[in-house]
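# A structural walkthrough
Okay, here's what each chain looks like letter by letter:
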Amino acid sequence: MKKELKIGVIGAGRIGKLHASNLATRVPGAKLTAISDVNKKYAQELAASLGVASVYDNYADLLADPNVDAVFICSSTDTHSEISIAAAKAGKHIFCEKPIDHDIKKIKSVLDIVEKSGVRYQVGFNRRFDRNFRRVKEAVKKGEVGQVRVIKITSRDPAPPPVEYIKVSGGIYADMTIHDFDMMRYLSGSEVTEVSAVGTCLVDPAIGKAGDVDTCVITLRFANGTLGVIDNCRQSSYGYDQRVEVFGSKGQIIADNETANNTVVYSEKGVNREKPLHFFLERYNDAYILEAKEFVDACLKKKNPSVGAFDGLQPVLIALAAQESSDKEGVPVKVKS
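A brief report on the enclosed structure follows. (Residues numbered from 1 in each chain as written. Predicted model: local features only at pLDDT ≥ 70, side-chain atom pairs only at ≥ 80, totals over all residues. Heavy atoms only, no water.)

## Notes on the packing of aromatic side chains
Taken as a whole and assessed by the stated rule, the structure comprises eight aromatic pairs. A ring pair is formed by Phe72 and Phe95, whose centres lie 4.3 Å apart and whose planes are at 10 degrees; its orientation type is stacked. Placement of Phe72 in strand E4 (residues 70-73) and of Phe95 in strand E5 (residues 93-96) is noted, with a sequence separation of 23 residues between them. As far as burial versus exposure is concerned, Phe72 and Phe95 are alike and both buried. (Phe/Tyr/Trp six-rings, centres within 6.5 Å; stacked < 30°, edge-to-face > 60°. Helix = DSSP H or I, 4+ residues; strand = E, 2+ residues; numbered from the N terminus. Buried < 20%, exposed > 50% of the residue type's maximum accessible area, 1.4 Å probe, protein only.)

## Some thoughts on the pairing of E4
Alternating positions in E4 separate into two faces, Ala70 and Phe72 on one and Val71 and Ile73 on the other, with burial throughout. Pairing analysis gives four bridges linking strand E1 (residues 5-10) to E4, with the strands arranged parallel. Note that in E4 the partner of Ile7 across the bridge is Ala70. Once the chain exits E4 it traverses helix H4 (residues 80-89) before rejoining the sheet at E5, and the crossover so formed is right-handed. (Pairing = 2+ DSSP bridges. Right-handed = clockwise from strand over helix to strand, strands pointing away.)

## Some thoughts on the sheet that holds strand E15 (residues 333-334)
The mixed open sheet is built from seven strands, whose spatial order is E12-E11-E7-E10-E9-E8-E15. Each of the sheet's edge strands pairs with one partner strand only, and the pair in question is strand E12 (251-255) and E15. Where strand E11 (residues 241-248) lies against E12, five bridges are found, and the strand directions are antiparallel. Note on E12: the bridge partner recorded for Val246 is Ile253. Its contacts with the sheet place helix H9 (residues 178-188) against strand E7 (148-156), strand E9 (215-222), strand E10 (227-233) and E11, and it is angled at close to 150 degrees to E7. Its contacts with the sheet put helix H13 (residues 309-327) on strand E8 (192-200), E9 and E15, and the angle it makes with E8 is roughly 50 degrees. (Contact = heavy atoms within 4.5 Å. Axes fitted to C-alpha atoms, helices over the stretch in contact; angles between N-to-C directions.)

Take a look at the structure:
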């Protein structure tokens, strides 16, 4: 078995910097050997900070590098499927940030080429690697809550992204809620069959003018009979709100927000605790490291990661059904296969 996986990172933006730093310093068995970005200056700056020698402004050149065994695709969403296909054809193992694409045909093309090529493929649904959510999954799997009846997920950002981002994001269901759709599949162990969604603009009218909503509630029906409820908002005044609740015939399990510390101050003025961590980089830092470790381990041991290309397809199908339902003001929509 190989003891080292040589990795190239494609995309030197915020998420690319995060993964590159983790791979270079926190993931055993990983060796960061190359970085690519269409803006070569960004790639050069990131490479210099991490001691990486090979820098490219064209991902095709990185894929041709014999000193690269695998790639982390951290570029813009509209390039994910294209680069995935090229990387698979080049025989490189692939870690791809979510989503693979917004186009179902393109995602299925990726699934097809990945299967034919035999490379390992992992999708970046990092929340599956959060220690709290994994404990919830364990409780469900072991039957601690009995027959699962309702799963609730709250996911609220501290502030909305720029409107220019909203315009190219694919919409709140395909962008923000896609993590929650994946978490619903993960926790339930079942596939979503029907979606009802309603959305509105309560944060910023400019988001509505861009053709999206900033606040929404989604209900899900699963093949095993479980029901799911998700509430999302692009703005939360108290920080990054990430909570999960699973209710069953024997009880329930709740994963609350992470805070900077778990102290509680009691005084005559009231009882106070810390606010939730501010954003996803703080909230899910350990999860990003764990997902990278799983990918490297899977490639070195020649086994499939737990979050494969099929897991990249299903949340997009749910998101499309949610968008259709929202457009129809909450009319239930079946999830297509």
